[in-house]
Amino acid sequence: MILPDLTGWPEDFHSGCVFHAARQRGIPVKRIMAPREHGGVPEPWLSFAVGGRGYFYSQAILISNPDPADSSQAHHVNRQLAHVTVDKYATKRLLVELGVPVPSGERFAAGDVEKAEAMFMEMRRPVCLKPGRAEQGRSVYPWLCDRPAFLEAFHAAGRAYRELVVEEHVEGEQVRLFYVRPSVIGLRLDRPANVVADGKRSIAELVAAKNEERRRRASPGAFPVLLDREAHRYLSQQGLALESRPAAGKRVFLRGTSNPGTGADTIDCRPFLHPSYVRLVEDFCGRLPDMRLVAVDMMMADPTRPAECGNHWVLELNGAPGLTSFYFPWEGEPQDVAGALIERLMVDQW
């Protein structure tokens, strides 16, 4: 596989991946300017046609245009489900209806501090707090163990978002399964920002060394490990600080969110992921006729073991899944997810 050259796509690596994949398959692609919604400011988009149907792509969003000569009928490839997947609580309810395991939780208005606090106290276990609508791990606070930490996170997230979701905190390895109807075509384990101790250097020194390695690699879509307030909180709950020197071999996590943009390690997990998880995703996505393109983020107690009751939870569905980290993983081999997407469009009209 020839990796995409993304030097000309600094503002949208995902579009660069699609552009490269389409050109490799002989499909003409144009770069256009168009508003994201009626009356909006023009933004960069890709425009291409496959099988008589037009498509627009920008920032991981794929729009179908049934009549390339008239864009008035253009729609997200997931149609009405696109409105569900951007709403984390609506997604949770949909998954429950399908019999898919999810962390238990409730939705609160940003002003419902007392009700949310009461739920937290009743749960008597760590929780995760996140906005009802947000992307890339923004304002997500996992592993909230005590009342002061919960209230601080609730107020912080509530200043930026009107609705918040409070749910049980689940632990394990987070895996992203990239689904292009009818198959899972990409697999990636996203490990939260971490360092492995050598028994000599401090955590701060280990982070600096890891960030320097990322700078040298200069991989598109790779971000440094952040030493922000959330990193300090996460270390503190482990009884650690930036000056700590843990025992050699100990993996130390600096946050709980697994987004590449927050310094996560992206790992090709195809060699060890148990195939039962792929079958599970293909089954429940297959029962949703309009679900054509989605990333399923799943927490697994042990990705090498078969899926069974109590060892996995679907955290979110992302109807605008990023592509870049599949091509440039921190560990493992690249996966041509944009190529698989283009080839599916050559077979099915969305």
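Residues numbered from 1 in each chain as written. Predicted model: local features only at pLDDT ≥ 70, side-chain atom pairs only at ≥ 80, totals over all residues. Heavy atoms only, no water.

(A) Expanded view of empty space enclosed by the protein. Under the definition given, this model contains 2 cavities of 30 Å³ or more. A volume near 110 Å³ is recorded for the largest cavity. Along the wall of the largest cavity there are 15 residues; nearest its centre are Gly221, Ala222, Thr266, Phe328 and Trp330. Of all elements in the fold, only α6 (203–217) and β14 (265–268) reach the threshold of two or more residues within the lining of the largest cavity. Broken down by class, the residue content of the lining of the largest cavity amounts to 8 nonpolar, 4 polar and 3 charged. As for the second largest cavity, its lining consists of Lys88, Thr91, Lys92, Lys130, Glu167, Leu315 and Glu316. If you list the elements that add at least two residues to the lining of the second largest cavity, you get α3 (88–97) and β16 (312–318). (1 Å grid on protein atoms, 1.4 Å probe; cavity = no way out; pocket = protein on both sides within 12 Å on 5 of 7 lines; lining within 4 Å. Points joined across faces, edges and corners; volume = space filled by probe spheres on them. Helix = DSSP H or I, 4+ residues; strand = E, 2+ residues; numbered from the N terminus. Nonpolar A, V, L, I, M, F, W, Y, C, P; charged D, E, K, R; others polar.)

(B) Representation of the sheet that holds strand β4 (residues 61–65) in the model. Spatial strand order, β1-β2-β3-β4-β5: 5 strands in an open sheet with antiparallel pairing. Every interior strand has two partners, whereas the edge strands, β1 (29–35) and β5 (75–76), have only one. On top of the sheet, helix α10 (residues 337–345) reaches β2 (42–50), β3 (53–58) and β4; it is set at about 55° to β2, its chief contact. (Pairing = 2+ DSSP bridges. Contact = heavy atoms within 4.5 Å. Axes fitted to C-alpha atoms, helices over the stretch in contact; angles between N-to-C directions.)

(C) Representation of the side chain of Asp12 in the model. Looking at where Asp12 falls in the secondary structure, it is placed in the segment before α1 (13–24). There is no salt bridge for the buried Asp12, and the closest opposite charge comes from Arg36, which lies 6.9 Å off by N-O distance. Ignoring sequence-local partners within four residues, the contact set of Asp12 consists of Ser58 and Gln59. (Buried < 20%, exposed > 50% of the residue type's maximum accessible area, 1.4 Å probe, protein only. Lys, Arg positive; Asp, Glu negative; His and termini not counted. Salt bridge = Lys/Arg side-chain N within 4 Å of Asp/Glu carboxyl O.)

(D) Inspection of the sheet that holds strand β10 (residues 173–180) at higher detail. The antiparallel open sheet is built from 5 strands, whose spatial order is β14-β11-β10-β15-β16. For this open sheet the edge positions go to β14 and β16, each flanked by a neighbour on one side alone. Ignoring which end each strand starts from, the neighbouring axes of this sheet average 30° apart. Sheet analysis places strand β11 (residues 183–191) next to β14, joined by 4 bridges and oriented antiparallel. Of the residues in β14, the one forming a bridge with Arg191 is Asp265.

(E) The arrangement of the packing of helix α4 (residues 113–123) against helix α5 (residues 147–158) in detail. It is the contact of α4 with α5, at a shortest axis distance of 11 Å, that shows an interaxial angle of 145°. Taken as a pair, α4 and α5 cross one another with a handedness that is right-handed. Where α4 approaches α5, its residues Val113, Ala116, Glu117, Phe120 and Met121 are matched on the opposing element by Arg147, Phe150, Leu151, Phe154 and His155. Classifying every residue of the contact of α4 with α5 by side-chain character gives 7 nonpolar, 1 polar and 2 charged. (Left-handed = near helix turned anticlockwise from the far one by under 90°.)

(F) Seen up close, the pattern of salt bridges. What the rule picks out here adds up to 26 salt bridges. Here Asp297 makes a salt bridge to Arg176, at a shortest N to O gap of 2.8 Å. Placement of the pair is Asp297 in strand β15 (residues 293–300) and Arg176 in strand β10, with a sequence separation of 121 residues. Residue Asp297 is classed as buried on the basis of its relative accessible area, which comes to 7%. Judged by its relative accessible area of 9%, Arg176 falls in the buried class. We note a salt bridge from Asp265 to Lys210, for which the minimum N-O separation is 3.0 Å. You can see Asp265 sitting in strand β14 and its partner Lys210 sitting in helix α6, a full 55 residues away along the chain. As far as the burial class goes, Asp265 and Lys210 line up, both buried. Here the salt bridges share partners, and the residues they tie into one network are Lys92, Lys130, Glu167 and Glu316.

(G) Structural detail: the nonpolar core. By size, the foremost hydrophobic cluster in this structure holds 30 residues, and its most contacted members are Val18, Phe48, Tyr57, Leu62, Leu293, Leu323 and Trp350. Elements with a minimum of two residues in this core: α1, β2, β3, β10, α9 (324–327) and α10. In terms of nonpolar packing, the next biggest core, distinct from the first, is built from 29 residues, Val100, Val278, Leu288 and Val296 among them. (Core = buried A, V, L, I, M, F, W, Y, C linked by side-chain atoms within 4.5 Å.)

(H) Examining the packing of aromatic side chains more closely. What the rule picks out here adds up to 6 aromatic pairs. Pairing Phe120 with Phe150 gives two aromatic rings, centres 4.7 Å apart and planes at 5°, and the pair type is stacked. Note that Phe120 is positioned in helix α4 and Phe150 in helix α5, a separation of 30 residues in sequence. Assessed through its relative accessible area of 0%, Phe150 is described here as buried. Positioned over the ring face of Trp9 is Arg31, at 3.6 Å from the centre of the ring. (Phe/Tyr/Trp six-rings, centres within 6.5 Å; stacked < 30°, edge-to-face > 60°. Lys NZ or Arg CZ within 6 Å of the ring centre and 35° of its normal.)

(I) Quick look at the layout of surface pockets. Each pocket or cavity is described by its volume, and for the second largest pocket that value is around 340 Å³. Pro35, Arg36, Phe56, Ser71 and Ala74 are, among the 15 residues lining the second largest pocket, the residues nearest its centre. In terms of residue count, β1 provides more of the lining of the second largest pocket than any other element does, 3 residues in total. Looking at the lining of the second largest pocket residue by residue, the class counts come to 7 nonpolar, 6 polar and 2 charged.

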